[in-house]
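Structure at a glance
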Amino acid sequence: MDSSTSEFKSRFEAYNRLQAAAVAFGEKLPIPEIVAVGGQSDGKSSLLEALLGFRFNVREVEMGTRRPLILQMVHDQSALEPRCRFQEEDSEEYGSPVVSASTIADLIKSRTEALLKKTKTTVSSKPIVMRAEYAHCPNLTIIDTPGFILKAKKGEPENTPDEILTMVKSLASPPHRILLFLQQSSVEWCSSLWLDAIREIDPTLRRTIVVVSKFDNRLKEFTDRWEVDRYLSTSGYLGDNIHPFFVALPKDRGTFPNEEFRRQISQVDSEVLRHLREGVNGGFDEEKFRPFIGFGYLREYLEAELQKRYKESAPATLALLEQRCDEVTSDLSRMESKIRATSDVAYLRRSAMMHAASISTHVGALIDGAADPAPEQWGKTTNEEQLESGVGSWPGVSADVKPPNSTLKLYGGAAFERVMHEFRCATYSIECPPVSREKVANILLAHAGRGGGGRITEAAAEIARAAARSWIAPLLDTACDRLAFVLRNLFDIAVERNHSRDSLDYTRNNGDMDGYIGFRAALRHSYNCFIKDLANQCKQLIRHHLDSVTSPYSQVCYENDFIGSYGPGGSSIYRFNQAQVSPFCIELSDGKTTAQDEIMGRDQENIPPEKNAQQTTPGKNTEAKEALRESQMTVPETPSPDQPCDLVYGGVKKKEHGNGIELVGGRKRHPRMMANSRVLDNHRQQNGGDVLFGNGDIGSRSGSAYSDICSTAAQYFSRIREVLIERSVPSTLNSGFLTPCRDRLVVALGLDLFAVNDEKFMDMFVAPGAIDVLQNERQSLHKRQKILQSCLHEFKNIARSL
């Protein structure tokens, strides 16, 4: 018997130390633990005090309402008075013994308030660990949790009940933990408030111990045996294999010695049993229910159940400890290597270069279509890209542009292509904006003043070029910014991909840079600068394409002018060019069309004077006067309203092979206008007549010059847009962004980070605080290794005794 007790105690002590280490270092070890759960005022605090064998005013501070409390009860025959010690926060060490009950309560309260103030929360799952050594307590460890509540207290956040419920579920969910569920006897099982919450954690209740507290309050309701037996059997609500414990504890909260407290506990057990035997007709089924009535039986069962779980889990715990010790030893060895490497420049250069090369390789793989890590976690939708990039919607586009797959989370090459398609959709949604009559008149008349041919065509082309420069240029810049954001995101994904593929051999071959914060920051900065430079270069390249296409010397607007039929189905631009007459006879205002003689009558200054009233300069002959009169008749300076653009002013015939330029004087022609004129002349000669007049009555064609110019400008704008979107921009962006990321990234990073002297290179590794971080981490690993090895040694001794 003594040998068995000694084994239980050594096993219990070993698990207690392992539990303390797990709390201190955040280790996730499957240690068998009892978790006490239940509603507030259901008797958890009184039960814990009864198990301890002394009172320490736990109900005064409501220790379970804000932070869990791990109570490690150690049965020590030499401890005639309880010795309580609290584990230090973030350490496996325990503080000095605390004897006073009020001091214990104050420490629990102050620690709870300090942590909640630090974390700015109302509850916390980080436990307080208290070790109680006493001659009258069992070898038992219980985690006391916050009690369930229906409504927050005054002055507390309204979501406090939900936070408590969530925290308790998190603490009770691990399958290696035993649930100790308390419920008052006055609550019927069919109306239990918290039984459903327990079933969510443990649906079959196989690892749940149900305790009916304050059982003495229910005894007076029993008169016959069948009533008692039905209640004790829970009427089938818990299942046939679930046997609750029925417990009553002293209600007197007066101050008295610990011996008296324990005597009262035994006395209450005796009184409950006597009432069931003598106060109920026929008593009760003692053979079936006697082992589940009274605090003494519950205490023995809890201790035996915990020891049973300890014994069953010892082999798995030993194997897990060996694994964790090996892992911590490897981590410590790598940390030692890092610290030693801070003085080895050659090693750091080699490791850093290999790490940068590995990241560059992963970036290229992601661009080429790699789908790990999970796009669901690391990818972004179109809306997320717009919000996080800070670019927002496409400038000048009022419609909501939604490219295909906009709701999918994409990254890398897939996200790049989606942005490209979104850019096409946004650009094609823009039409040539309306132009005021004043602007058209200014452009048209200015070209006429230069004496060039094809003035109407050139005016429409100029309007289209200006619109393209004004509306398409912002879209090009936005496309570059969005694509740069997609590529910047690849750095974190490449780091994650590199980390997830790491093994010990891979890390050794490719450089382990996880602990070097300065270098990782410098690598990220260099990568971002590389992407920023690519974006700026691409903006310049596509702006160059835009400038080329919208240049006055570009033939984009005219490449199809003389292609097609001359009939009604022919090109509207060709028909428009049939009337290359002087714009001085074109009316662009929004007035009504008037007869030509009315215009001439109103603008007297443009009417040729009568021959006998003409003033001539002395020395000029009659032929000169006639020539002057003919010239003046062909240059009216005030256009007529909305006159058809095809009308030839005054029926004055042109000189042979003329295109209207001679009608306004002998100014020099624009070279490209001359080229267009020559093309026009060639078509006229090939068709056997004057192309300006065609085969029909030009003056009879409907439509004003303003509407025709706007229509032609829209066609030119569409042609410019199509050339940019289908020919120039996509290939430029692909070659400007993706090709350098595949081919030049590793070289660019290498030149930026490693083409420096050793002193500047080491600044990334020995920056202020960098060495301190590594040394602190090494110290923590060393302490963890020492504690885990000590626990491993203890469990090996336990394994030998099993």
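In short, a report on the structure. What you see is a predicted model, and the numbers here were worked out from it, not measured in a lab.

Quick notes on the overall build of the protein chain
A count of helices and strands for the protein chain gives 27 helices and eight strands. Sorting the 802 residues of the protein chain into buried and exposed places 49% on the buried side. Contacts in the protein chain between residues far apart in sequence, at least 24 positions, make up 82% of those at least 6 positions apart. Approximately 38800 Å² of the protein chain is accessible, and the part contributed by carbon and sulfur atoms is 51%.

A short note on the environment of Gly296
Inspection of the secondary structure puts Gly296 in helix α11 (residues 295-341). Considered as a pair, Gly296 and Ala50 are 246 residues apart in the sequence and their alpha carbons are 9.8 Å apart.

Description of the side chain of Glu133
The topology assignment puts Glu133 in strand β4 (residues 128-134). A relative accessible area of 11% means that Glu133 is categorised as buried. A polar contact of 2.9 Å, which involves the side chain of Glu133, links it to the side chain of Arg131. Apart from residues lying up to four places away in sequence, Glu133 is in contact with Val74, Asp76, Ala79, Glu81, Pro82, Arg83 and Arg85.

Description of helix α5 (residues 160-172)
With 13 residues, α5 extends 18 Å between its outermost C-alpha atoms, agreeing within 8% with the 18 Å of an ideal straight helix rising 1.5 Å per residue. For α5, the complete set of buried residues consists of Thr160, Pro161, Ile164, Met167, Val168, Leu171 and Ala172. With its buried residues spanning 130° around the axis, α5 presents them on a single face. For α5, exposure combined with an orientation more than 90 degrees from the buried face picks out Asp162, Thr166 and Ser170. In this structure, the buried residues of α5 make contact with β1 (33-38), β6 (177-184) and α6 (195-201).

Re the side chain of Thr234
Turning to its location among the elements, Thr234 is positioned in the loop between α8 (225-232) and β8 (245-246). Exposure remark for Thr234: the relative accessible area of 1% places this residue in the buried category. Non-local contacts of Thr234, meaning those with residues more than four positions away in its chain, are made with Trp189 and Pro244.

Comments concerning the pairing of β1
Counting buried positions along β1 yields six of six residues, so the element is predominantly enclosed. As defined by bridge partners, β1 adjoins β6 across six bridges and the pair is classed as parallel. When the bridges of β6 are listed, Glu33 appears paired with Arg177. Here β1 pairs with strand β5 (residues 140-144) via three bridges, running parallel. Of the residues in β5, the one forming a bridge with Ile34 is Ile142.

So, a nonpolar patch on the surface
Taken together, the side chains of Val746, Val747 and Leu751 define a hydrophobic patch exposed on the protein surface, amounting to about 270 Å² of accessible area. Tracing the backbone shows Val746 in helix α25 (residues 745-754). The exposure class assigned to Val746 is partly exposed, which follows from its relative accessible area of 40%.

Definitions and limits used
Residues numbered from 1 in each chain as written. Predicted model: local features only at pLDDT ≥ 70, side-chain atom pairs only at ≥ 80, totals over all residues. Heavy atoms only, no water. Helix = DSSP H or I, 4+ residues; strand = E, 2+ residues; numbered from the N terminus. Buried < 20%, exposed > 50% of the residue type's maximum accessible area, 1.4 Å probe, protein only. Contact = heavy atoms within 4.5 Å. Areas by Shrake-Rupley, 256 points an atom, 1.4 Å probe, with all protein chains shown as cover. Polar contact = N/O pair within 3.5 Å; in protein donor to acceptor, adjacent residues only side chain to side chain. Expected span 1.5 Å × (residues − 1). Arc of directions from axis to C-beta. Pairing = 2+ DSSP bridges. Patch = residues over 30% accessible without salt bridge, like charges linked within 9 Å, V, L, I, M, F, W, Y side chains within 5 Å. Salt bridge = Lys/Arg side-chain N within 4 Å of Asp/Glu carboxyl O.

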